[in-house]
Amino acid sequence: MSTLIDGKAQATRLREEIGRQVSRLRQHELVTPGLAVILVGEDPASQVYVRNKATQAREAGMSSFEYRLADSVPQTKLLDLIERLNRDPEVHGILVQLPLPPQVDESRVIQAIHPDKDIDGFHPINVGNIATGGHGMAPCTPLGCLMLLKHQLGDLSGKHAVVLGRSNIVGKPMASLLLQKHCTVTVAHSRTRQLEEVCCQADILVAAAGRTRLVKGDWIKPGATVIDVGINRIEADGRMRLVGDVDFDSAREVAGALTPVPGGVGPMTIACLLLNTLEATCRQHRIPFPDNIMSLAWGGTSSETT
Ligand code: NAD
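Being a predicted model, the structure only gives us computed values, none of them experimental.

Next up on the list: unusual backbone geometry. Each neighbour pair has its own omega, and for L98 with P99 the value is 0°, a cis peptide bond. Along the chain, P99 falls in the loop between β4 (93-96) and α4 (106-112). Cis geometry marks the peptide bond from V261 to P262, where omega comes out at -5°. In this structure, H182 is a non-glycine residue whose phi angle is positive, near 70°. Locating H182 in the fold gives a position in the loop between α7 (171-180) and β6 (184-188). Even without glycine at this site, Q194 takes up a positive phi of about 45°. Within the secondary structure, Q194 sits in the loop between β6 and α8 (195-200). Look at Q194 and you get exposed, because its relative accessible area is 53%.

This is the structure in structure tokens:
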């Protein structure tokens, strides 16, 4: 039976430490980190995500600014709002909840956010910095996965990591971060052949395909650490449930450690959003990023880039 990786508990610890650092900033530097969240349209899942992000930002002592725009909003209006927030000194991080409606060009919007305020880590400058091992804002979900892995395994050097999924927001940045930590990385995707055999070679398996229970127990090397990023809504016994990309019951018999869904990666994603907002604030005000939060976030060691 595998160890359950408790993302909820780790995220709570991280958020508490972020809260302490925010109150230190407010008291000693007279700076309050500010997070602006923009939601376009009425997608129910996006509304829940945005509400959770804003609530948790406020609970950590940050200022939260919410902007809700109609589904029909013209792109220029959204770009104008981002431009205004880029210039607003009370806003240190800007998040535009994806997906966006078809009249809006997603990449144009991402590129409009100033890289220093891009706490989602989607701007090409941040993507490039992470890919080249430099100091950039890492996307929250892969960053949260990496923290869970560092906490569970310590040194990741030399481990074979298989990332299932190659999206810009999860799979690709996950691969970059694991490379930074000296893993041997394989990225698998919808065209990968013999997917099961590829997964079976993984010491670390990160499943981010968005396919309900795709990864079965017999796809997992005994003792491997499995991070399930997937969030899939299914109907069971007349009610909606969230399940991951990993078949939890069979995986639990084989894996060394495994994240549950819910309660694994999801809470870490929001905690990392707050972490990025705190880091963005420190950078914009040229305040050193606190060491203790760095070690809590990265599991005791600082980021290695060689
Ligand atoms: P996406 O649809 O953009 O990308 C999915 C990737 O999986 C693609 O690269 C595709 O090639 C690959 N893929 C799809 N089907 C496959 C198959 N049968 N075999 C192998 N590869 C396959 O999705 P995404 O945005 O990267 O998200 C992935 C999952 O993670 C979704 O379930 C999403 O809801 C979830 N997610 C969770 C969090 C969180 O905070 N927990 C955050 C972001 C995304």
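Anyway, onward from the coordinates.
Glancing now at the UniProt feature "domain: Tetrahydrofolate dehydrogenase/cyclohydrolase catalytic" (unreviewed entry) in the protein. In the numbering used here, UniProt assigns the feature "domain: Tetrahydrofolate dehydrogenase/cyclohydrolase catalytic" (unreviewed entry) to residues 5-120. Across residues 5-120 one finds 51% helix and 16% strand; the C-alpha atoms that close the span lie 24 Å apart.

What follows is about the UniProt feature "binding site: NADP(+)" (unreviewed entry) in the protein. According to UniProt, the positions carrying the feature "binding site: NADP(+)" (unreviewed entry) are G165, R166, S167 and I231. Setting aside anything within four residues of it in sequence, one finds G165 in contact with G171, V187, A188 and A208. Among the secondary structure elements, I231 is positioned in the loop between β8 (225-228) and β9 (232-236). Note on I231: relative accessible area 42%, which makes it partly exposed. In contact with I231, not counting residues within four places along its chain, are Y49, L242 and V243.

What counts, and at which threshold
Residues numbered from 1 in each chain as written. Predicted model: local features only at pLDDT ≥ 70, side-chain atom pairs only at ≥ 80, totals over all residues. Heavy atoms only, no water. Helix = DSSP H or I, 4+ residues; strand = E, 2+ residues; numbered from the N terminus. Buried < 20%, exposed > 50% of the residue type's maximum accessible area, 1.4 Å probe, protein only. UniProt positions renumbered as here; feature names shortened; annotations may be inferred. Contact = heavy atoms within 4.5 Å.

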